[in-house]
Amino acid sequence: MKPVKSRDDEYTMFGPDGPGTGSALERRQFLKLAGGGLIVFFAVGDGLALQEGARGGGYPDDPNAYLKVGPDGRVTCFTGKIEMGQGIITSLAMMLAEELDVPLEAVDMVMGDTALCPYDAGTFGSRSTKYFGPPMRQAAAEARGVLVRLAAARLGAAEEELATKDGTVYIAKRPSKKVTYAELVGGKKIEVRLEKKPPIKPYSKHAVSGKPTLRTDARAKVTGEAKFSGDIRLPGLLYASILRPPAHGAKLKSADTAAAEKIPGARVVRDGDLVAVLHERPDVAAEALTLIEAEFEPSASKLDNTTIFAHLRNAAPRAEVVVEAGNLDEGAKLAVKTVERSYFAHYVAHAPSEPHTAVVQIEGDRATVWASTQSPFRAQGEIAQTLGIPAANVRVITPFVGCGFGGKNQGGQIVEAARLAKLAGKPVQVAWTRREEFFNDTFRPAAVYNIRSGLDAENRIVFWEYKNYHAGSRSSQPVYDIPHKRVLSFGGGFGGGGAGAVPAHPFGTGAWRGPGSNTNIFATESHIDIMAETAGLSPLEFRLKNLADARMKKVVGAAADKFGRTFAKAPTGRGYGIAITDYLGTYVATMAEVEVDKEKGAVRVVRVVCAQDTGEVINPEGARMQIEGCITMGLGYCLTEEIRFKDGRVLDENFDTYEIPRFSWLPKIEVVLVDNPDMAPQGCGEPAVTVMGAVIANAIYDAIGVRMDTLPMTPARIKSERKTD
Amino acid sequence: MDKTIRFKLNGKEVRVESPPERMLLWVLRTDLGHTGTKCGCGEGFCGACTVLVDGKPTFSCQFPLAKAEGRSVLTIEGLARGGRLHPLQQAFIDHGALQCGYCTPGMILQAYGLFLRKPNPTEAEIADALEGNLCRCGSYNRIIAAVQTAAKAMKGAIHEAR
């Protein structure tokens, strides 16, 4: 088998038309919208180019990120990234404030507005700080250089004699001789393009970046002033309720809308299979929708939760070789003990707090869109295509987004709102109900894993053969030092590789926070624990013995110090677990303590300790919040979250049966940020969620000696495994 | 059939002409333009739409407008007074007790309702009172800390809901 490059960052669920191409920002238009002030253009680095290139879009060569120093001295950052809770509204502003020497309070963020912000492929993959941060930092350094140049003329001093602080340029030896950025910009429209890039500040000089900082959007969010897409109000706005099929693949046969049309103020519109009731009150539209009598063809899908795994193996497309090293047969000869096991993961919903929502207003051949999306530029392209107008005529504005987790890379609601707005001749809001959210979501793909591995007489892992079906390739490579290994991914994309001859999944699938990784790590790190027991070693000792990476060993050590418990060969009855990963450069080691009620099969997670090395940390407080959130959210896919379905129907429709973590689940959470400022900032929004499945599975094994091979580890499964083990 | 319903919203008398069986959530958000109250699940399973009705935390997506007649409704917009944040709001900021912020209004009002019943709740009582409010971002640990801090800051002197 010929190795092919793993396309780790590819998102496969882009719909039939591929990614939106976006529109190059016209400088004239930008200047008009952005107003006066100093504007510095800069180009993005290789990282983002790589990200965009992987997605096959036709991206503009224009400088694609901007900042502005306004006539009042305030600094505006324009980024195509969006804020969905992950906190970059604060951390990107901190990076900018640091580099430009202005107070954090003087920075305004404009995010995800296609008319104002540089093209961006989307907000996902824990990439904002890592890839958007550096070019923005560089731009800020350039802006500072320009201001110093202007100040030198104003103050009659050489540039070398000047220093900057708090939005002011001053003569270093005579601080009273100074001029503010506001005075320098003076309301003029100055467009400067520096030919030479000034150096950025070394970490040791940082005064803003690296300091724990509270969220800058918190005040708006605790007062109710923060606007989400569903909070946009326009004159004449109509709210849509859309007719949905009862099952995926069920085609509409007929719809009798007469009764719905009798509701005062209700309008029924139809465009092919899209049937909707519009009303100036959303609840009245929803009520009227229930009066539509519709008939659908039955779904062709005959799958359900019990048959899915056999089907997924059968429907597997050709394998992608993620990694191949050494020779598996040679490795097998070195092995004195061999372990083989399969693992399984069910479909999981994103279940964002805010369901997918969009408002579309069409005026002539222009459209304005407010959408809860992780990919505003992609949405721009989709709307343009839907309405048959140029992308440049579509402005997508992204208000605050209420969670994304990958689920808002896809935005069916945006296109629906555009189609309905066109039909209605009025602005239309589409806000999916929770039931629609559970039906239209792109679920984390169900997947199957098979691992065969061997130990030599010294308890070293000598070979590792890994196959996954529909999980995605990310984090499928072992972090351990293994001479003979092969990792195959059948269906490597995060959508679960549905492109084979047989449709793999009965509904849409896509990236889910730490896509691929959270289930690959479940399989890998569960298997490592089995090998540790086979070796007769504690799970901690076995890992350290087989790790060669000093940075990873340091992170594991940091977690162990904080955990403060001694691991021993499992099962010990104490319920301690460990799992580690390298998530795209961020290193994570998590340790957990659980209690298991053997009779009921119920798991209570008592304590979780997570040590993480994210490289340079911009906002330690923000990083902690992300890690804590990852741990808390991760408990759901460990213990309860599973989309149940049958014959194309999704049986879980709301939070009554689809249980997500709540207050009563909360373990004690302790986070250790491993200091590593010499490494460039890495991603933080996803890494810690990816180890949760394995750390809890391993802790359950240590508690009761039952190996859980299927996510989620529900009480019923634990009881069942207990009988068979 | 429309009916005139009168109630107090954040201390001010309001009058709504509407079918009385509509749920309060949609009247607040659409008819009255108070969008701080969010719809998370629409069926009473998530708490994002929590408001106070006569001081009692209430899922407004399950509360018919007719029942609001003559009563006092407090939404997140009514919690700060004269630009001064309520101690709960300040504590949520200070503890970083939110991420996306979508569940935050409901969380704060649920906690406010708890204070009216029990000004100095224990950690377990806070968790129990907020059990029906879901936060997908996973800020639960910080929310509990924020509510504890707010309780201390108020020293039991919770003002009555308007």
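The shown structure was predicted, so the numbers you read here are calculated from the model rather than taken from an experiment.

Colleague: Any chance you could break down the overall build of chain B for me, citing the residues and the numbers?
Modeller: Summing up its helical and strand segments, chain B has five helices and five strands in all. Along chain B, helices (α) and strands (β) appear in the sequence β-β-α-β-β-β-α-α-α-α when read from the amino end. At 15 Å, chain B has a C-alpha radius of gyration in line with the 15 Å of a compact globule built from 162 residues. In terms of principal-axis extent, the alpha carbons of chain B reach across some 45 × 30 × 25 Å. When each of the 162 residues of chain B is scored for burial, the buried share is 57%. For chain B, contacts bridging at least 24 residues in sequence account for 61% of all contacts bridging at least 6.

Colleague: Tell me about the domain arrangement of chain B, residues and numbers included.
Modeller: Where the parts come together, the accessible area they lose is often given as the size of the interface. All names here are of chain B. The domains assigned to chain B are domain 1 (3-78) and domain 2 (87-154). Of note, the centres of domain 1 and domain 2, computed from C-alpha atoms alone, are 21 Å apart. Taken residue by residue, the interface counts 16 residues in domain 1 and 13 residues in domain 2. Every element with two or more residues in the side of domain 1 that touches domain 2 is listed here: β3 (50-53) and β4 (56-59). Element by element, the count of residues in the side of domain 1 that touches domain 2 is highest for β3, at three residues. The residue inventory of the side of domain 1 that touches domain 2, partitioned by class, reads eight nonpolar, six polar and two charged.

Colleague: Residues and numbers for the packing of helix α17 (residues 620-639) of chain A against helix α18 (residues 692-704) of chain A, please.
Modeller: Residues and elements named next belong to chain A. Running from N to C, α17 and α18 cross one another at 65°; their axes reach a closest spacing of 9 Å. Judged by the angle between their axes, α17 and α18 are roughly perpendicular. Crossing handedness for the pair α17 and α18: right-handed. In contact with Ile631, Gly634, Leu635, Tyr637 and Cys638 of α17, α18 contributes Met692, Gly693 and Ile696.

Colleague: Please provide a residue-by-residue account of the domain arrangement of chain A, values included.
Modeller: Residues and elements named next belong to chain A. Partitioning chain A into structural domains gives domain 1 (27-223), domain 2 (229-297 + 356-431) and domain 3 (308-347 + 443-724). For domain 2 versus domain 3, the distance between C-alpha centres works out to 38 Å. Taken together, the contact between domain 2 and domain 3 spans nine residues of the former and 10 residues of the latter. Class assignment of the residues belonging to the side of domain 2 that touches domain 3 gives a composition of four nonpolar, five polar and no charged.

Colleague: How would you explain the interface of chain A and chain B if you had to name every residue and give the values?
Modeller: Contact residues are listed per partner, giving 45 residues for chain A and 42 residues for chain B. For the side of chain A that touches chain B, the elements supplying multiple residues, two or more each, are α6 (218-223), α8 (282-289) and α17 of chain A. Sorting elements by how many residues they give to the side of chain A that touches chain B places α17 of chain A first, with six residues. Taken together, the residues that form the side of chain A that touches chain B break down as 20 nonpolar, 11 polar and 14 charged.

Colleague: Just give me the short version of helix α2 (residues 87-94) of chain B, but keep the residues and values in it.
Modeller: Where burial is concerned, most of α2 of chain B is hidden: six out of the eight residues are buried. Every buried residue of α2 of chain B is accounted for by Pro87, Leu88, Gln89, Ala91, Phe92 and Ile93 of chain B. Where the residues of α2 of chain B are buried, they touch α6 of chain A together with α3 (104-117) and α5 (140-154) of chain B. Phi turns positive one or two residues past the end of α2 of chain B, at Gly96 of chain B, with a value near 60°.

Colleague: An account of helix α4 (residues 128-155) of chain A is requested, with residue identities and associated values reported.
Modeller: All names here are of chain A. In this model α4 runs 38 Å from its N-terminal to its C-terminal C-alpha over 28 residues, within 8% of the 40 Å that 1.5 Å per residue would give. Pro134 marks where α4 bends most, by close to 30°. Of all 28 residues that make up α4, 20 are buried, and the element is covered over most of its length. A positive phi of about 65° marks Gly156, the residue just after α4.

Colleague: Account for the sheet that holds strand β23 (residues 576-583) of chain A, with residues named and values stated.
Modeller: All names here are of chain A. Pairing in this open sheet of four strands is mixed, and the strands run β23-β24-β25-β28 from one edge to the other. Since the sheet does not close on itself, it has two edges, and those belong to β23 and β28 (668-673), each with one partner. Ignoring which end each strand starts from, the neighbouring axes of this sheet average 20° apart. Where β23 and strand β24 (residues 586-597) come together, eight bridges link them in antiparallel fashion. Looking at the pairing, Tyr583 lines up with Thr586 of β24. The sheet contacts of α17 involve β25 (602-613) and β28, and relative to β28 the element is tilted by about 135°.

Colleague: Requested: an account of the sheet that holds strand β11 (residues 267-271) of chain A, with residues and values cited.
Modeller: Residues and elements named next belong to chain A. If you walk across this open sheet you meet the seven strands as β11-β12-β9-β19-β16-β17-β18, and the pairing is mixed. Two strands lie at the open edges of the sheet, namely β11 and β18 (394-397), each paired on one side alone. With strand direction ignored, the average angle separating the axes of adjacent strands in the sheet is 25°. Looking at chain direction, strand β16 (residues 357-363) and strand β17 (residues 366-371) are connected through six bridges and run antiparallel. Paired with Ala358 across the strands is Ala371, a residue of β17.

Colleague: Explain the environment of Val596 of chain A residue by residue, including any values.
Modeller: All names here are of chain A. Looking at the element boundaries, Val596 is found in strand β24. Considering only alpha carbons, one finds Val596 and Arg574, 22 residues apart in sequence, at a separation of 9.8 Å. Val596 has contacts with Gly575, Val603, Ile700, Ala703 and Ile704, leaving out every residue within four places of it along the chain.

Colleague: Run through the pairing of β17 of chain A, naming residues and quoting values.
Modeller: All names here are of chain A. With antiparallel pairing between neighbouring strands as the criterion, β16 and β17 make up a hairpin whose turn holds two residues, including Gly364 at a positive phi of roughly 65°. Taken together, the four bridges between β17 and β18 define a ladder with parallel strand orientation. Across the sheet, the residue bridging to Val369 is Val396, located in β18. Viewed along the sheet, the connection from β17 through helix α11 (residues 376-387) into β18 turns out right-handed.

Colleague: Lay out the nonpolar core with the relevant residues and their values.
Modeller: All names here are of chain A. One finds Cys77, Leu96, Ile696 and Ile700 to be the most contacted residues of the largest nonpolar core, which totals 224 residues. By residue number, the principal contributor to this core is α4, which donates 11 residues. Residue contacts for Leu96: discarding those within four places in its chain leaves Leu67, Val75, Cys77, Val107, Met136 and Ala140. Ile232, Leu289, Ala421 and Trp432 belong to the second-largest nonpolar core, a separate cluster that totals 41 residues.

Colleague: I'd like to hear about the packing of α2 of chain B against α3 of chain B, residue by residue, with values.
Modeller: Residue and element names in this part refer to chain B. Contact geometry of α2 with α3 gives a least axis separation of 10 Å together with a crossing angle of 130°. With respect to each other, α2 and α3 are oriented oblique. Handedness of the α2/α3 crossing: right-handed. When α2 is examined against α3, the residues Leu88, Gln89 and Phe92 are found in contact with a partner set consisting of Thr104, Ile108, Ala111 and Tyr112. A class-by-class count of the residues in the contact of α2 with α3 yields five nonpolar, two polar and no charged.

Colleague: Provide a residue-level description of the confidence of the model for chain A, including the pertinent values.
Modeller: All names here are of chain A. When the pLDDT values of chain A are averaged, the result is 89; 88% of them are 70 or greater. Ignoring residues within four places in sequence, the model shows residues 1-28, a span with pLDDT below 50, making 61 contacts including any to other chains. Predicted confidence for residues 41-64 stays below pLDDT 50, and this span has 48 contacts to residues more than four positions away or in other chains.

Colleague: Summarise the pairing of strand β19 (residues 428-431) of chain A; cite the residues concerned and give the values.
Modeller: Residue and element names in this part refer to chain A. On β19, burial covers both faces: Val428 and Val430 on one face and Gln429 and Ala431 on the other are all buried. Across four bridges, β16 lies against β19 in antiparallel orientation. Paired with Val360 across the bridge in β19 is Val428.

Conventions and cut-offs
- Residues numbered from 1 in each chain as written.
- Chains lettered and ligands numbered in written order.
- Predicted model: local features only at pLDDT ≥ 70, side-chain atom pairs only at ≥ 80, totals over all residues.
- Helix = DSSP H or I, 4+ residues; strand = E, 2+ residues; numbered from the N terminus.
- Rg over C-alpha atoms; globule rule 2.2 N^0.38 Å.
- Buried ≥ 20, exposed ≤ 12 C-beta atoms within 10 Å, placed from the backbone.
- Contact = placed C-beta atoms within 7 Å.
- Domains from an automatic or database assignment.
- Nonpolar A, V, L, I, M, F, W, Y, C, P; charged D, E, K, R; others polar.
- Axes fitted to C-alpha atoms, helices over the stretch in contact; angles between N-to-C directions.
- Parallel < 35°, antiparallel > 145°, perpendicular 65-115°, else oblique.
- Left-handed = near helix turned anticlockwise from the far one by under 90°.
- Expected span 1.5 Å × (residues − 1).
- Bend = angle between axes of the 7 residues up to and from the residue.
- Pairing = 2+ DSSP bridges.
- Right-handed = clockwise from strand over helix to strand, strands pointing away.
- Core = buried A, V, L, I, M, F, W, Y, C linked by C-beta atoms within 7 Å.
- pLDDT = per-residue confidence, 0-100.

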